[in-house]
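The primary structure of each chain is shown beneath.
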Amino acid sequence: MRKLTCMFVVLLIFGISTNSFGHDDLKKGVTDRYELRNKVWNEYIQLDEFQRHFKENPEDAKKMIDNIVDTKLKINRKIGTIAPKSG
């Protein structure tokens, strides 16, 4: 149940931050995987739930960050130079 709750929180946070990545980070030119991974890591490491997840299963937590980065990069490639209108 705890893992399900953690994943739900992460999905909610990820869903909210996806649109802002597409617009703001394209303007800043964040396309480098390493730079983006550091940015995502810094956002998530501040969350208590992610810190618990990292303590319990560091490999899974790192894999989750990598999946988020992969998804954001895919969104970035699909969006191209067009900024989303939703917010």
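In case you missed it, the structure is sitting above this.
Residues numbered from 1 in each chain as written. Predicted model: local features only at pLDDT ≥ 70, side-chain atom pairs only at ≥ 80, totals over all residues. Heavy atoms only, no water.

Novice: Help me out: how do you make sense of the overall build of the protein chain in this one?
Specialist: Broken down by element type, the protein chain carries 4 helices and 0 strands. Seen in sequence order, the protein chain has helices and strands lined up from the N terminus as α-α-α-α. Taken as a whole, the protein chain presents about 6100 Å² of accessible surface, with 58% of it coming from carbon and sulfur. (Helix = DSSP H or I, 4+ residues; strand = E, 2+ residues; numbered from the N terminus. Areas by Shrake-Rupley, 256 points an atom, 1.4 Å probe, with all protein chains shown as cover.)

Novice: Can you walk me through the environment of Phe54 in this structure?
Specialist: By secondary structure assignment, the location of Phe54 is in helix 3 (residues 48–56). If we ignore the near neighbours within four places in the chain, the residues touching Phe54 are Trp41, Ala61 and Lys62. (Contact = heavy atoms within 4.5 Å.)

Novice: Help me understand helix 2 (residues 33–44), please; the structure alone is not making it clear to me.
Specialist: Residues spaced three or four apart along an α-helix face the same direction, because each turn holds 3.6 residues. Its 12 residues give helix 2 an end-to-end C-alpha distance of 16 Å, which sits within 8% of 16 Å, the value for a rise of 1.5 Å per residue. Restricting attention to buried positions, one finds in helix 2 the residues Leu36, Val40 and Tyr44. Down the axis of helix 2, the smallest arc covering the buried residues is 65 degrees, so these residues share one side. The N-terminus of helix 2 is capped by Asp32, whose side-chain oxygen sits 3.3 Å from the backbone nitrogen of Tyr34. (Expected span 1.5 Å × (residues − 1). Buried < 20%, exposed > 50% of the residue type's maximum accessible area, 1.4 Å probe, protein only. Arc of directions from axis to C-beta. Polar contact = N/O pair within 3.5 Å; in protein donor to acceptor, adjacent residues only side chain to side chain.)

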